[in-house]
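Topology and contacts: notes
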Amino acid sequence: MPTKKLYGGIEAGGTKFVCVVAGGPDHIVDEIRFPTTTPAATLGRAIQFFQPFIAQEQIAAIGVGAFGPLDLNPESPTYGFITATPKPGWSNTDVLGTLRRALQVNIAFDMDVNTAALGEHLWGASKGYDPSLYLTIGTGIGGGYIVNGKPLIGLLNLEMGHIRIPHSRELDPFPGNCPFHGDCFEGLASGPAIEKRLGLTGTAIPEDDPFWNIEADYIALALMNYILTLSPRKIILGGGVMQREFLFPKIRRRVRELLHGYVASKTILENIGTYILPPGLGNQSGSLGAIALAALAMQVDERKDDPRI
Ligand code: ZN
C-alpha cells in the first residue's frame with residue numbers, strides 16, 4: 001500500500017472541529033466532527049483521530065485552519081497560538097505547538113477563512129480564478145483573498161469584516177454589536193448582530209421580512225468595496241447567514257445597482273449570477289481547504305520562507 005499519499009485537515013472552528021484524512025475532495029478516507037470544548041479535550045480528540053494514520057505513515061502533512069485571532073508571525077514566541085479570543089478558555093492556546101509535539105508531522109497553519117478560500121480556489125466554486133475572494137458571513141465576518149494561488153497576508157491578517165459601511169440610523173436604528181467598532185460590517189450584518197437586533201436567529205426570520213433587504217444591502221456595500229479595491233475574479237459567500245439562499249439574488253442586484261455601471265466588466269454587467277456564488281464545496285470548504293493547505297505546503301518547497309508553513 002502506498003504510504004504518505006494522504007493529508008490531514010483540521011477545521012478548528014469556535015463551535016466545532018472537523019478533522020479529515022483525504023487525498024483530495026474525491027478521496028476522503030475518514031472524517032470526524034465534534035463540538036469545540038476546552039483546548040485540552042478538543043485538541044486531544046483531534047490528536048487521537050490522526051494518531052493511527054501517522055503510526056501507519058499514511059499522512060504526509062496536516063493543514064490547520066483555525067478561528068482567531070491567531071499569531072501567524074513565525075518570529076514571534078507565540079507563533080501558532082490563538083491569542084486574545086473572547087472564547088472562554090482559549091486565550092493564549094498553543095494550537096500549532098500542541099499538535100506538532102503530539103503528532104510529530106509537518107503542520108501548516110492558517111486562519112480558517114484563508115484555508116476555506118484556498119479550498120474553494122483549488123477545488124470549489126472559484127477554481128481557476130485568481131485573484132478570488134471567499135467571505136464568510138456567520139458568527140463573525142471574515143474574508144480570505146487568494147492571490148497567485150495563496151492567501152494574502154500583509155502587515156497583519158486581513159480583517160475584511162471590520163470595514164466601515166454606510167449605516168442609516170433611520171432605516172436601521174440597531175447600533176451594531178462589534179466590541180471594537182460598534183457598527184462596522186460585522187457589527188451590523190453577522191449572525192449575532194441579526195439575532196441581537198431582531199431577537200430571532202437568522203434561520204427563524206421569514207424570507208419576506210423587510211430586514212433581509214437591509215442585510216443584503218450591507219453585504220452588497222461591502223462587496224462593492226472589495227470589488228473596487230481588490231478586483232477579485234470570483235466571489236464566494238459562505239457561512240451560516242448565507243445558508244439563506246434567497247439572499248444571493250438580492251445581493252447581486254444591489255451590487256450591480258451600487259456600482260452603477262462604473263465597473264465596465266461583462267462579468268458584473270451581464271454575468272453576475274456566476275460571479276457571486278455559494279461555496280462549491282458546501283460545508284466542507286474549511287476542512288478540505290485545510291487539506292489543500294497541507295498539500296500546498298508539501299508541494300512548494302521554495303515557499304519555505306512562507307510564514308504559514
Ligand atoms: Zn468591528
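Residues numbered from 1 in each chain as written. Predicted model: local features only at pLDDT ≥ 70, side-chain atom pairs only at ≥ 80, totals over all residues. Heavy atoms only, no water.

**Observations concerning helix α1 (residues 39-55)**
With 17 residues, α1 extends 23 Å from end C-alpha to end C-alpha; this agrees with the ideal 24 Å at 1.5 Å per step. In α1, a bend of some 30 degrees at F49 exceeds every other bend along the element, and P52, a proline, comes one to four places later. Three or more residues of α1 are buried, namely P39, T42, L43, A46, I47, F49, F50, F53 and I54. Phi turns positive, to about 55 degrees, at E57, one or two residues after α1. (Helix = DSSP H or I, 4+ residues; strand = E, 2+ residues; numbered from the N terminus. Expected span 1.5 Å × (residues − 1). Bend = angle between axes of the 7 residues up to and from the residue. Buried < 20%, exposed > 50% of the residue type's maximum accessible area, 1.4 Å probe, protein only.)

**Side note on the sheet that holds strand β9 (residues 141-147)**
Strand order in the open sheet made by the five strands is β10-β9-β8-β11-β12, with mixed pairing throughout. This sheet does not close on itself; its edge strands, each paired only once, are β10 (150-151) and β12 (276-277). Bridge count for β9 against β10 is two bridges, and the pairing is antiparallel. Paired with I146 across the two strands is P151, which belongs to β10. (Pairing = 2+ DSSP bridges.)

**Here we look at the coordination of the zinc ion**
Surrounding the zinc ion are the protein donor atoms H162 (ND1), C178 (SG), H181 (ND1) and C184 (SG), which sit 2.1 to 2.4 Å from the metal. Here the zinc ion binds four donor atoms, and the angle range of 102 to 121 degrees at the metal identifies the geometry as tetrahedral. Counting residues between consecutive donors of the zinc ion along the chain gives the motif H-x15-C-x2-H-x2-C. Residue classification places C178 among the buried residues on the basis of a relative accessible area of 7%. (Donors = N, O, S within 2.8 Å, 3.2 Å for Na, K, Ca; no water. Tetrahedral: all angles 85-135°; square planar, octahedral: opposite > 155°, others 65-115°.)

**Describing the environment of I107**
Topologically, I107 is positioned in strand β7 (residues 106-111). A relative accessible area of 5% means that I107 is categorised as buried. Sequence separation between I107 and L96 is 11 residues; the distance between their C-alpha atoms is 7.5 Å. Every residue in contact with I107, bar those within four places of it in the chain, is listed here: I62, V64, L96, L99 and R100. (Contact = heavy atoms within 4.5 Å.)

**Points about the side chain of R244**
Note on placement: R244 falls in the loop between β11 (235-238) and α7 (247-259). Buried R244, no salt bridge; nearest opposite-charge side chain is E207, N-O distance 5.5 Å. (Lys, Arg positive; Asp, Glu negative; His and termini not counted. Salt bridge = Lys/Arg side-chain N within 4 Å of Asp/Glu carboxyl O.)

**Notes on the side chain of D110**
Take D110: it is sitting in strand β7. At 2.9 Å, the side chain of D110 and the side chain of N114 are in polar contact. (Polar contact = N/O pair within 3.5 Å; in protein donor to acceptor, adjacent residues only side chain to side chain.)

**Details of the domain arrangement of the chain**
Each assigned domain of the chain is listed with its residue range as follows: domain 1 (7-112 + 283-305) and domain 2 (125-278). Here domain 1 and domain 2 have C-alpha centroids that lie 27 Å from each other. When domain 1 packs against domain 2, the two sides together hide about 520 Å² of surface, and 57% of this comes from carbon and sulfur. Linking domain 1 with domain 2 are zero residue pairs in polar contact (both at pLDDT 80 or more), by the criterion used here. Secondary-structure elements contributing two or more residues to the side of domain 1 that touches domain 2 are β7 and α9 (285-299). Among the residues forming the side of domain 1 that touches domain 2, the class breakdown is four nonpolar, one polar and two charged. (Domains from an automatic or database assignment. Buried area = accessible area lost by both parts, 1.4 Å probe. Nonpolar A, V, L, I, M, F, W, Y, C, P; charged D, E, K, R; others polar.)

**Concerning the packing of helix α3 (residues 112-123) against α9**
The interhelical angle for the contact between α3 and α9, taken along N-to-C directions, is 80 degrees, at an axis separation of 7 Å. Taken together, α3 and α9 sit at an angle that is classed as roughly perpendicular. Side by side, α3 and α9 meet where T115, A116, L118, G119, E120, L122 and W123 of the first sit next to S285, G286, L288, G289, A290, I291, A292, L293 and L296 of the second. (Axes fitted to C-alpha atoms, helices over the stretch in contact; angles between N-to-C directions. Parallel < 35°, antiparallel > 145°, perpendicular 65-115°, else oblique.)

**Quick look at the nonpolar core**
Grouped together as the largest cluster of nonpolar side chains are 39 residues, with contacts concentrated most on F185, L223, L237, I251, V255 and I276. Mapped onto this core, the elements with two or more residues apiece are β8 (132-137), β9, α4 (185-189), α6 (211-230), β11 and α7. Take this core: its biggest share by element is 13 residues, from α6. Listed in part, the 33 residues of the second largest apolar core include F17, A66, F67 and W90. (Core = buried A, V, L, I, M, F, W, Y, C linked by side-chain atoms within 4.5 Å.)

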